[in-house]
Amino acid sequence: MRWGWKTAGGFGALALAGLVGVVVGVVGWGGFNTAMEATNSLEFCISCHEMRDNVYVEYKSSPHYQNASGVRATCADCHVPRDWTHKVIRKVQASGELYHWLIGSIDTKEKFEAKRHTLARREWDRMRATDSQECRNCHSFGAMDFHKQTPKAASAMEGAEKAGKTCIDCHKGIAHSFPDVTAGHRQLFAGLSDQAKALALKPGDTAYALTSLALYGAPPTPGSAGDGEIAAATPVKVLAAEGDALKVEITGWQRGSSTQTLYAQPGKRITTVKLNAAVAGQTAALRTVTDPETEQEWTEVRLTAWTGAGGYVATLGALWDYGARVYDANCSLCHTLHPPADFDANAWIGKMNAMKRLTRLNEEEGRLLLTYLQSHAKDGAR
């Protein structure tokens, strides 16, 4: 009998411990969930001035904050997954942001604006990777009545659905101000410009035009008009350096009887030099080949001309890094990037003509980007 009491007492203790464990687990789990949900609240999100003074101000003027239907999407609705597993993963990732808050990475408006594109791009990439799941919690193609949309909107939505696009491909900057996507690569270009001005070239050096440069048939004098133009990324061999002028040698290809434009390769319309008629006659022919695809003759020529100094970089890699930055920043806004090798060099001309108007690129940036894409095309590597 004494053994039975002890056994019963042991089971009672185990049962009590188990009950306490369950209670502690429930309370702990509930507390954890309560705390995590508290971090999803709008009040928590704008509790730091970085968010309150920047993106929150923009969000308050957007349809996601106030609209005719009275449905408000808060920060968490767009930026935090609803399912448990991905929600926890997102919260763990977000904990790293505390470090940047502590060191003041974006504690001024100037710092915030400088990083806005990087921050936005990171979120765009995350949403694209999840097929814009947070958007589709409220919006879906299946729930749309295209007849109630404007013809333009309906056409765009139906086209996006057929193309397999996700929401964030087309809808950026709808709750927050759109970042200046050109700021990063223009800052990089400014650094390259400083390097070009400081680059001292001597006879025998090979250099690459940083941007379009005026070309002269004779040593230039102040105010003299150019006789042509060298395109960015064009290689030149320095023959002589006289003050602020360089005598250079350029090799390129002429197409058929057209002598005023030089190209980087036969059969590929990668423009390197444009000349007036007088200077075009000064080129020396080296060899002629026939393009097997078009049966058109291309002639390799050598041109000796003059340019100003201070517009060249020493390596082509620096220009390609810049070109890749321009491409990534501007052409990922509406879709995932096509690798340059997806198309041939000549096909990129039409694609750039069609898409450049949708970007904020200036004329010179557009030219460099086209050269970058053509030079990295499946048939245009150089």
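Model, not experiment: these values are computed from the prediction.

Draft legend 1. Main features of the overall build of the protein. Counting its secondary structure elements, the protein contains 16 helices and ten strands. Against the compact-globule benchmark of 21 Å for 382 residues, the protein has a radius of gyration of 31 Å, which places it well outside the compact range. Sorting the 382 residues of the protein into buried and exposed places 34% on the buried side. Excluding contacts between residues fewer than 6 apart, the proportion of contacts in the protein whose partners are at least 24 apart in sequence is 65%.

Draft legend 2. Quick peek at the packing of helix α14 (residues 316-331) against helix α16 (residues 363-375). α16 packs onto α14 with a crossing angle of 105° between their chain directions and a minimal axis gap of 9 Å. Of the possible angle classes, the one that applies to α14 and α16 is roughly perpendicular. Along the contact surface, α14 presents Leu319, Trp320, Tyr322, Gly323, Ala324, Val326, Tyr327 and Cys331, while α16 presents Glu365, Leu368, Leu369, Thr371, Tyr372, Leu373 and Ser375. Class assignment of the residues belonging to the contact of α14 with α16 gives a composition of eleven nonpolar, three polar and one charged.

Draft legend 3. Layout of the packing of aromatic side chains. Enumeration according to the criterion identifies nine aromatic pairs in this entry. Note on Tyr56 and Tyr59: the rings are 6.2 Å apart at their centroids and 40° apart in plane angle, and the pair reads as tilted. Taken together, the positions of Tyr56 and Tyr59, both in helix α4 (residues 55-59) and three residues apart, correspond to about one turn of that helix. For Tyr56, a relative accessible area of 15% puts it in the buried group. Members of the aromatic cluster, joined through ring pairs, are Trp320, Tyr327, Phe343, Trp348 and Tyr372. Lying across the ring of Tyr65, Arg72 places its NZ or CZ 3.8 Å from the centre. In this structure, Lys172 packs its charged tip against the face of Trp124, placed 5.4 Å from the ring centre.

Draft legend 4. Layout of a nonpolar patch on the surface. A cluster of nonpolar side chains, namely Tyr99, Trp101, Leu102 and Ile103, defines an oily patch on the protein surface of about 500 Å² accessible area. Its place among the elements puts Leu102 in helix α7 (residues 97-103).

Draft legend 5. Inspection of the pairing of strand β6 (residues 258-265) at higher detail. Bridge count between strand β5 (residues 245-255) and β6: two bridges; the pairing is antiparallel. Across the sheet, the residue bridging to Trp253 is Tyr263, located in β6. What sits between the antiparallel neighbours β5 and β6 is a turn of two residues, in which Gly256 has the positive phi angle 55°. Bridge analysis of β6 against strand β7 (residues 268-275) gives four bridges, and the strand direction is antiparallel. Bridge assignment links Leu262 to a residue of β7, and that residue is Val273. Two successive antiparallel strands, β6 and β7, enclose a turn made up of two residues, where Gly267 displays a positive phi of approximately 85°.

Draft legend 6. How the structure looks around the pattern of salt bridges. With the rule as written, the count across this model stands at 19 salt bridges. Its salt-bridge partner being Lys356, residue Glu363 comes within 4.0 Å of it at the nearest N-O pair.

Draft legend 7. Spatial organisation of the nonpolar core. One finds Leu319, Tyr327, Leu369 and Leu373 to be the most contacted residues of the largest nonpolar core, which totals 26 residues. For this core, the elements supplying multiple residues, two or more each, are α12 (183-198), α14, α15 (347-355) and α16. It is α14 that contributes the most residues to this core, seven residues altogether. When residues of this core are assigned to domains, at least three fall in each of domain 2 (201-312) and domain 3 (316-376). Leu369 has contacts with Gly323, Val326, Tyr327, Cys331, Met352 and Leu361, leaving out every residue within four places of it along the chain. Core analysis: the second largest hydrophobic core is formed by 20 residues, Ile230, Val236, Ile250 and Val273 among them.

Draft legend 8. Local environment of the packing of α15 against α16. α16 packs onto α15 with a crossing angle of 145° between their chain directions and a minimal axis gap of 10 Å. Handedness of the α15/α16 crossing: right-handed. Of the residues in α16, those in contact with Trp348, Ile349 and Met352 of α15 are Gly366, Leu369, Leu370, Leu373 and Gln374. The residue makeup of the contact of α15 with α16, split by class, is six nonpolar, two polar and no charged.

Draft legend 9. Seen up close, the state of the cysteines. Summed over all chains, the structure comprises zero disulfides. Here Cys45 is not disulfide-linked; the sulfur of Cys75 is the nearest cysteine sulfur, at 4.0 Å.

About the criteria used
- For every chain, the first residue of its written sequence is number 1, and the numbers climb from 1 along that sequence.
- Note on the predicted model: pLDDT of at least 70 is required for a residue's local features to be given, and 80 or more for side-chain atom pairs to be given and counted; whole-chain, interface and lining totals, by contrast, use all residues.
- Hydrogens and water are ignored here; the side-chain numbers use all heavy atoms of the structure.
- In this text, helices come from DSSP runs of H or I with a minimum length of four residues, and strands from runs of E with a minimum of two, each type numbered from the N-terminal end.
- The quantity called the radius of gyration is restricted to C-alpha atoms. Its globule counterpart is 2.2 Å times the number of residues to the power 0.38.
- Using a 1.4 Å probe on the protein chains alone, a residue whose accessible area is under 20% of its type maximum counts as buried, one over 50% counts as exposed, and one in between counts as partly exposed.
- Contacts were defined at the residue level, with two residues in contact if any of their heavy atoms lie within 4.5 Å.
- Here the axes come from fitting lines to C-alpha atoms, over the contacting stretch only for helices, and the angles between their N-to-C directions go from 0 to 180 degrees.
- Here roughly perpendicular refers to angles of 65 to 115 degrees, roughly parallel to angles under 35, roughly antiparallel to angles over 145, and oblique to all remaining angles.
- Asp, Glu, Lys and Arg are counted as charged, while Ala, Val, Leu, Ile, Met, Phe, Trp, Tyr, Cys and Pro are counted as nonpolar; the rest, among them Gly, fall into the polar class.
- Stacked, tilted and edge-to-face are the three classes applied to pairs of Phe, Tyr and Trp rings, where Trp contributes its six-membered ring and a pair requires centres within 6.5 Å; stacked means planes under 30 degrees apart, edge-to-face means over 60, and tilted covers the rest.
- When the NZ atom of lysine or the CZ atom of arginine is within 6 Å of a ring's centre and also within 35 degrees of its normal, the charge is said to sit over that ring.
- A patch consists of residues exposed above 30% relative accessible area that lack any salt bridge, with like charges linked at up to 9 Å and nonpolar side chains (Val, Leu, Ile, Met, Phe, Trp, Tyr) linked at up to 5 Å.
- Surface accessibility in these figures is a Shrake-Rupley result with a 1.4 Å probe; residues are shielded only by whichever protein chains are displayed.
- The term salt bridge refers to a pairing of a side-chain nitrogen on Lys or Arg with a carboxyl oxygen on Asp or Glu at a separation within 4 Å.
- If DSSP finds at least two bridges between two strands, the strands pair.
- The nonpolar core is taken to be a set of buried Ala, Val, Leu, Ile, Met, Phe, Trp, Tyr and Cys residues, with the residues joined through side-chain atoms within 4.5 Å.
- The split of the chain into domains comes from an automatic or database domain assignment.
- Here a crossing is called left-handed whenever its near helix is offset anticlockwise from the far helix by less than a right angle, and right-handed whenever the offset is clockwise.
- Cysteine sulfur atoms are paired as a disulfide whenever they fall within 2.5 Å.

No statement about biological role is implied by the geometric values presented.
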